[in-house]
Amino acid sequence: MHAWPASEVPALPGQGRDLRIHDTATGGLVTLDPGPVARIYVCGITPYDATHMGHAATYNAFDLVQRVWLDTKRQVHYVQNVTDVDDPLLERADRDGVDWVALAEKETALFREDMTALRMLPPKHYIGAVEAIPGIVPLVERLRELGAAYELDGDIYFSVESDPHFGQVSNLDAAAMRLLSAERGGDPDRPGKKNPLDPMLWLAARDGEPSWDGGTLGRGRPGWHIECVAIALDHLGMGFDVQGGGSDLAFPHHEMGASHAQVLTGEFPMAQAYVHAGMVALHGEKMSKSKGNLVFVSRLRRDGVDPAAVRLALLAHHYRSDWEWTDQVLRDAVDRLGRWRAAVSRPDGPSADALVEEIREALAADLDAPAALAAVDRWTELQQQEGGTDTGAPGLVTRAVDALLGVAL
Ligand code: 5CA
Ligand code: ZN
């Protein structure tokens, strides 16, 4: 699948900082030490509805991770998937009487436009579940050979007990896992499973549903977790730096994915850090396609909202907090964008060298974007109140805000 065009990332003077980031698995901050090429996998959308502010907030967090790495002069190897076949997509296509392939293509195209408008850096490899199937089948076969998978009425399940590290991503107790499994695509109550938590690896073909040749597995389609594992192992290998997504993916998705990968390779861990963004709500409830309480990026764009303001609205919240989208959040961002643009449009201003360091330090400390915004606010206030004589300052602020925050002034 093709991704979307990259916006330029201006180079900044001086030295970027190494990223300290919260890792769900260890429950604390880890200082990442990627090689010259940092490796990140971020779970992509299930394309049955348009990009909402919750998605945008999550992708914003991982865009910042990359911008911090790029500032340290590293390259970034970024991989993202598209879950272009799964139950919710098929159900929506059914409900609306449309072809599931056309629905997925349409929503993926819109997502690309939204990501481009928001200046999110594109993945190097943007891979659909369907195109990953030839790589998924041998992994499921291998899990079966290893005794880590079993069959139930033609479907194939992963045995969570085959991974001694199972549970070490989300650190939840069995009761919490069972509850979340039922809520998030699992089937803990299906009779005949070895462990209620065991997730599906390969779903045998059902009448009226798409299916593919699965070799010795028979016709069917892949489970959700093995999709991301196959893509991540193929393009990044084990031990990559960051596995990312919203906090609703910590369990079961990232827990199961890590177990699949660890059993397949005999290596631990799959990722150096499991990084999870908080949930964005609307009217007091998590924004979600299934509930329909959504604010779409594309809708705001159509209404003439500057995408840079949308981006500033996201950046005004720490990526790990759960927060509520309101009209006021957007109004504040529009105001801030106006103040910043006015400040950098002057021919000179107060020196911005210290500001660049403050933004760097804020982002390196667990992506503290609100602190970075506050630092820029202080510079713009100084500009407004006292001005300055540094003719390079407005340009430096523009480049720093673009390179480190993805905001075009
Ligand atoms: N295709 C899978 C991942 S492999 C999936 O979860 N797709 S999704 O379309 O449901 O979500 C895409 C990303 O947006 C995920 O990282 C998810 O955690 C995140 N996300 C979904 N809803 C919200 C929300 N309300 N707030 C923040 N992030 C969200
Ligand atoms: Zn995923």
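Residues numbered from 1 in each chain as written. Chains lettered and ligands numbered in written order. Predicted model: local features only at pLDDT ≥ 70, side-chain atom pairs only at ≥ 80, totals over all residues. Heavy atoms only, no water.

Undergrad: Please provide a residue-by-residue account of helix 5 (residues 174–183), values included.
TA: Three or more residues of helix 5 are buried, namely M177, L180 and S181. Buried residues along helix 5 cover an arc of 105° about the axis, so they all sit on one side. Seen from the open side of helix 5, the exposed residues pointing more than 90 degrees away from its buried face are A175, L179 and E183. Just beyond helix 5, the residue with positive phi is G185, at close to 90°. (Buried < 20%, exposed > 50% of the residue type's maximum accessible area, 1.4 Å probe, protein only. Helix = DSSP H or I, 4+ residues; strand = E, 2+ residues; numbered from the N terminus. Arc of directions from axis to C-beta.)

Undergrad: I'd like a rundown of the sheet that holds strand 14 (residues 323–324), residues and numbers included.
TA: Sheet strands pair by backbone hydrogen bonding; their relative direction is either parallel or antiparallel. Pairing in this open sheet of three strands is mixed, and the strands run 13-12-14 from one edge to the other. In this open sheet, the two edge strands, each paired with only one partner strand, are strand 13 (285–286) and strand 14. The pairing of strand 12 (residues 280–282) with strand 14 spans two bridges and is classified as parallel. Note that in strand 14 the partner of V280 across the bridge is W323. (Pairing = 2+ DSSP bridges.)

Undergrad: Any chance you could break down the pattern of salt bridges for me, citing the residues and the numbers?
TA: Enumeration over the complete set of coordinates arrives at 29 salt bridges. For R206, the salt bridge goes to D155, with nearest N and O atoms at 2.7 Å. A residue pair is termed long-range when its members are at least 10 positions apart, and R206 in the loop between strand 8 (200–204) and strand 9 (220–222) and D155 in strand 7 (residues 155–158) qualify at 51 residues. Residue R206 is classed as partly exposed on the basis of its relative accessible area, which comes to 34%. For the salt bridge of K193 with D187, the shortest nitrogen-to-oxygen distance reads 2.6 Å. Residues participating in the shared-partner salt-bridge network are R17, R20, D71, E357, R360 and E361. (Salt bridge = Lys/Arg side-chain N within 4 Å of Asp/Glu carboxyl O.)

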